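Listed below, chain by chain, are the residues.
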Amino acid sequence: MRCASRRGGACAGSRREARDLCGHATLATAYVMFRFVEPDADVARFRTMSGVLTVTRRRDDGRDGDDHAGDVFTMDFPAFDLKPTPVTDAMEQALGTRPAEAWLGRDLLCVMPDERTVRNLDPDQELLKELPGLLANVTAAGDTDSVFDCVSRSFAPKLNVPEDPVCGSGHCHILPYWSKHLGKTALTAYQASARGGVIHATVGDGRVSLGGGAALFSIGTILPD
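Residues numbered from 1 in each chain as written. Predicted model: local features only at pLDDT ≥ 70, side-chain atom pairs only at ≥ 80, totals over all residues. Heavy atoms only, no water.

## Side note on the overall build of the protein chain
Looking only at helices and strands, the protein chain features 5 helices and 14 strands. Across the 225 residues of the protein chain, 42% fall into the buried class. Sequence separation of at least 24 residues holds for 58% of the intrachain contacts in the protein chain that already meet a minimum separation of 6. (Helix = DSSP H or I, 4+ residues; strand = E, 2+ residues; numbered from the N terminus. Buried < 20%, exposed > 50% of the residue type's maximum accessible area, 1.4 Å probe, protein only. Contact = heavy atoms within 4.5 Å.)

## Let's talk about the side chain of D71
Structurally, D71 can be placed in the loop between strand 4 (51–58) and strand 5 (72–78). If near-sequence neighbours (up to four positions away) are discounted, D71 is found in contact with R57, R58, R59, D60, G212 and G213.

## Comments concerning the pairing of strand 11 (residues 161–164)
Note: strand 10 (residues 150–156) against strand 11, 2 bridges, orientation antiparallel. Residue pairing in the sheet places S154 in a bridge with D164 of strand 11. Counted between consecutive antiparallel strands, the loop separating strand 10 from strand 11 contains 4 residues, among which N160 sits at a positive phi close to 65 degrees. (Pairing = 2+ DSSP bridges.)

## Thoughts on the pattern of salt bridges
Under the definition given, this model contains 11 salt bridges. A salt bridge links R57 to D71; its shortest N-O distance comes to 3.7 Å. Residue R57 is located in strand 4, and its partner D71 is located in the loop between strand 4 and strand 5; the two are separated by 14 residues in the primary sequence. Judged by relative accessible area, which is 7%, R57 ranks as buried. Note that D89 and R98 form a salt bridge whose closest N and O atoms lie 3.0 Å from each other. Residue D89 is classed as partly exposed on the basis of its relative accessible area, which comes to 48%. Judged by relative accessible area, which is 36%, R98 ranks as partly exposed. Here the salt bridges do not stand alone but share partners, grouping D42, R57, R59 and D71 into one network. (Salt bridge = Lys/Arg side-chain N within 4 Å of Asp/Glu carboxyl O.)

## Regarding helix 5 (residues 168–182)
An ideal rise of 1.5 Å per residue puts 21 Å on 15 residues; helix 5 measures up with 20 Å between its terminal C-alpha atoms. A large share of helix 5 lies buried, amounting to 12 of its 15 residues. Burial in helix 5 covers these residues: G168, S169, G170, H171, C172, H173, I174, L175, P176, Y177, W178 and S179. Note on helix 5: the residue one or two positions beyond its end, G183, has a positive phi of about 65 degrees. (Expected span 1.5 Å × (residues − 1).)

## What to know about the confidence of the model for the protein chain
Looking at the protein chain, pLDDT values average 86 and 86% of them are 70 or higher. Across residues 1–18 the pLDDT falls below 50, and counting only partners more than four positions away or on other chains, this stretch makes 42 contacts in the model. (pLDDT = per-residue confidence, 0-100.)

## Observations regarding the nonpolar core
Of all hydrophobic cores here, the largest spans 30 residues; its most connected members are F34, V55, L175, W178 and L210. In terms of residue count, the dominant contributor to this core is helix 5 (5 residues). By size, the runner-up hydrophobic cluster in this structure holds 19 residues, among which are C110, L131, F155 and A192. (Core = buried A, V, L, I, M, F, W, Y, C linked by side-chain atoms within 4.5 Å.)

See below:
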């Protein structure tokens, strides 16, 4: 991966274990670039296996301090093409309930009848590994009194991640589906993991813009041998 900020700073990473699309890595790298490398920049572009990914920062100038805790970062990602796939007994056994619909892109997308079903899922991680797709994303429309257009969860046991707290690449499947079915281009999504997370999104022209916050977790020093 190679990335360049608006002012020309650049960084490089190994492709040995590269994934085609990863929201965590993109957001984290942009946050580090904006906070530590080029604090005056508000746009970062990354050349990746999925093409150029752009992250823009909207500053929260009303907050005191320099932690940028109120800044909003928006990632511009490609939308995955979804094709309908049959709902199978294997899906029901892995998830513990039968999906109403199933779609396949890079990941599997299972559509449930209601939000409660998604929130209460306790899937079998070993059986999930047998399903098609890299990740298993499960979604439903938000309840009628909810502020969210959709509620979802993302499971990735094939990557040794039982559940992704907030999955950017998963929402590149989830949000195009709901944009089409709800007839909306601007959506608010909720990832109903234990940690949870809100995503403000725009879908159109084969792209998905995902907006949210970021926080510094730790600072360390790598000492090579």
